Amino acid sequence: MIAALSEEDLERHFEHTLEKDQRIEPRDWVPDGYRKTMIRQIAQHAHSEIIGMQPEGNWITRAPSLRRKAILLAKVQDEAGHGLYLYSATETLGADRTDLTERLITGRQKYSSIFNYPTLTFADVGVIGWLVDGAAICNQVPLCRSSYGPYARAMIRICKEESFHQRQGFELLMTMMKGTAAQRDMVREAVNRWWWPSLMMFGPPDADSPNTAQSMAWKVKRHTNDELRQRFVDMSVPQAEVLGVTLPDPDLRWNADRGHYDFGELDWDEFKQVVSGNGPCNAERVEHRRKAHEDGEWVREAAAVHAARQKERQR
Amino acid sequence: MNDWTLYEVFVRGKRGLNHVHVGSLRAADDEMALHNARDLYTRRNEGVSIWVVRAADITASSPDEKDPFFAPSGDKVYRHPTFYDIPDNVPHM
């Protein structure tokens, strides 16, 4: 039924689909590089959601009220859901989610560097919602227009849910800022620790980001790392003012000529260290994920045996 | 986990609408697939009804536009109402 098309015809058709700003869908022909890039990008994103459950999950049993505990449970459950939407998208490209989990727990695939920092106080839960989820939204809104259809659709669902995450974080911080002096200090201290790592979430500077050009051409990336980082800084400064906290950057000031906030140089050595596995919590995060996976083995086995037995009985 | 089945999930958003594909998941059997679909795709009242279908049971056409599969409908413009010229002074048509 399908006429045999040459590789060149297929490539041209693929390029034409991108030029018209149409989406690439699961059974379309795509170049190997596109498939590999998309699997890697979506898998790393999925891993980030799954590992991202840990820093906040840490506080579920110690949340200060039932209200905060219910919110935190719902939020961490959402992160699990986001990871699963994304693993589902990778499978449409021919990846296998068991294999991807294996790559994560053996350290062969990465996840966002931000989750390798510890959550020391309950204020961290608020700051993660405000800054970390805020940065994630900045990154993810343009991905709702990614050229790969299943990824774009997953991002639309995720962005809708992230909005709750950011607002609950900001509300938590506003509540603490209206509390005691000790609570306000906790918020300021948490903001000081998370501000720079949040800016690093956008990845290396454009000059040091070799894959950006190809990703932009394939429309799997719509803005450069530096553009998104600037957008995030511009959004966060007025929010910090409302909250009554000072962002820990002496170089942060409005630049009327550019129409943007100028900000200081990031510590790229720290970024490289954390990305390459030497952050404060890298080993702990991966080890925890590995243990959870292995501890769940008997559940997976029991479910498979139960399913086989049910099938037998139906015969 | 290796032999858990891939299921495609379809959700009816509300009464009066069709079921729409929302994504996939892995489950050991049909019942688990339905429960997982509820937890994964309807955490915020997104649906009133869910279908789960084994991905292997779906027969699909190729989405490629060049596929001649859809050609038979391409040359039958007379199936569309705009094919017919009706004077402007004919009401209710």
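Quick caveat, the model's predicted, so the values are computed rather than measured.

Before going further, it helps to spend a moment on a nonpolar patch on the surface. Residues B:Val77, B:Tyr78, B:Phe83, B:Tyr84, B:Ile86, B:Val90 and B:Met93 make up a contiguous nonpolar surface patch of roughly 730 Å² in combined accessible area. Examined against the element boundaries, B:Met93 turns out to sit in the segment after α2 (71–74).

All names here are of chain A. Here Gln109 shows up in the loop between α5 (97–105) and α6 (123–140). A distance of 2.8 Å separates a polar atom in the side chain of Gln109 from a polar atom in the side chain of His47. Excluding anything up to four places from it in sequence, Gln109 contacts Ala43, His47, Leu100, Arg103 and Leu104.

Interface size is often expressed as the accessible area that is lost when the parts come together. Counting residues at the interface gives 29 residues for chain B and 29 residues for chain A. Seen at the junction of chain B and chain A, the total is six salt bridges. Salt-bridge contacts for B:Glu46 lead to A:Arg157; the nearest nitrogen and oxygen are separated by 3.8 Å. For the pair chain B and chain A, the number of links is eleven residue pairs in polar contact (both at pLDDT 80 or more). Those elements that provide at least two residues to the side of chain B that touches chain A are β2 (19–27) and α1 (30–41) of chain B. Top element by residues in the side of chain B that touches chain A is β2(B). It accounts for five residues. By residue class, the composition of the side of chain B that touches chain A is 13 nonpolar, five polar and eleven charged.

What follows deals with the confidence of the model for chain B. Residues and elements named next belong to chain B. The predicted model of chain B averages 89 in pLDDT, with 91% of residues at 70 or higher. Predicted confidence in chain B is weakest over α2, with a mean pLDDT of 73, and strongest over strand β3 (residues 49–54), with 98. The complex model carries a pTM of 0.92, and its ipTM stands at 0.88.

A:Tyr34, A:Trp130 and B:Leu25 are the most contacted members of the largest nonpolar core, which totals 88 residues. Not counting residues within four places of it along the chain, the set of residues in contact with B:Leu25 comprises A:Arg97, B:Thr5, B:Leu6, B:Tyr7, B:Val9, B:Ala33, B:Asn36, B:Ala37, B:Leu40 and B:Tyr41.

Residue and element names in this part refer to chain B. Overall, antiparallel pairing links the three strands, which are arranged β2-β1-β3 in an open sheet. Where the open sheet ends on each side, the last strands, each with one partner, are β2 and β3. This sheet shows a mean twist of 30° between the axes of neighbouring strands, independent of strand direction. Across six bridges, the pairing between strand β1 (residues 5–12) and β3 is antiparallel. Within β3, the position partnered with Arg12 by the bridge is Ser49. Running over the sheet, α1 touches β1, β2 and β3 and is turned about 115° from β2.

Summed over all chains, the structure comprises 14 aromatic pairs over all chains. Geometrically, the ring pair formed by B:Tyr78 and B:Phe83 is edge-to-face, given 6.3 Å between the ring centres and 70° between the ring planes. Taking the relative accessible area as the measure of exposure, B:Phe83 reaches 42% and is therefore partly exposed. A centroid spacing of 5.0 Å and a plane angle of 85° characterise the contact between B:Phe83 and B:Tyr84, whose relative ring orientation is edge-to-face. Taken together, A:Phe14, A:Trp29, A:Tyr34 and A:Trp218 form an aromatic cluster joined through their ring pairs. Here the guanidinium or amino end of A:Arg157 rests over the ring plane of A:Tyr85, the centre of that ring lying 5.0 Å away.

This part is about the environment of B:Arg44. You can see B:Arg44 is positioned in the loop between α1 and β3. Aside from chain neighbours lying at most four places away, what touches B:Arg44 is A:Asp78, A:Glu161 and A:Phe164. Within the structure, B:Arg44 has its side chain in polar contact with the side chain of A:Asp78 (distance 2.4 Å).

Parameters and conventions
Residues numbered from 1 in each chain as written. Chains lettered and ligands numbered in written order. Predicted model: local features only at pLDDT ≥ 70, side-chain atom pairs only at ≥ 80, totals over all residues. Heavy atoms only, no water. Patch = residues over 30% accessible without salt bridge, like charges linked within 9 Å, V, L, I, M, F, W, Y side chains within 5 Å. Areas by Shrake-Rupley, 256 points an atom, 1.4 Å probe, with all protein chains shown as cover. Salt bridge = Lys/Arg side-chain N within 4 Å of Asp/Glu carboxyl O. Helix = DSSP H or I, 4+ residues; strand = E, 2+ residues; numbered from the N terminus. Polar contact = N/O pair within 3.5 Å; in protein donor to acceptor, adjacent residues only side chain to side chain. Contact = heavy atoms within 4.5 Å. Nonpolar A, V, L, I, M, F, W, Y, C, P; charged D, E, K, R; others polar. pLDDT = per-residue confidence, 0-100. Core = buried A, V, L, I, M, F, W, Y, C linked by side-chain atoms within 4.5 Å. Buried < 20%, exposed > 50% of the residue type's maximum accessible area, 1.4 Å probe, protein only. Pairing = 2+ DSSP bridges. Axes fitted to C-alpha atoms, helices over the stretch in contact; angles between N-to-C directions. Phe/Tyr/Trp six-rings, centres within 6.5 Å; stacked < 30°, edge-to-face > 60°. Lys NZ or Arg CZ within 6 Å of the ring centre and 35° of its normal.

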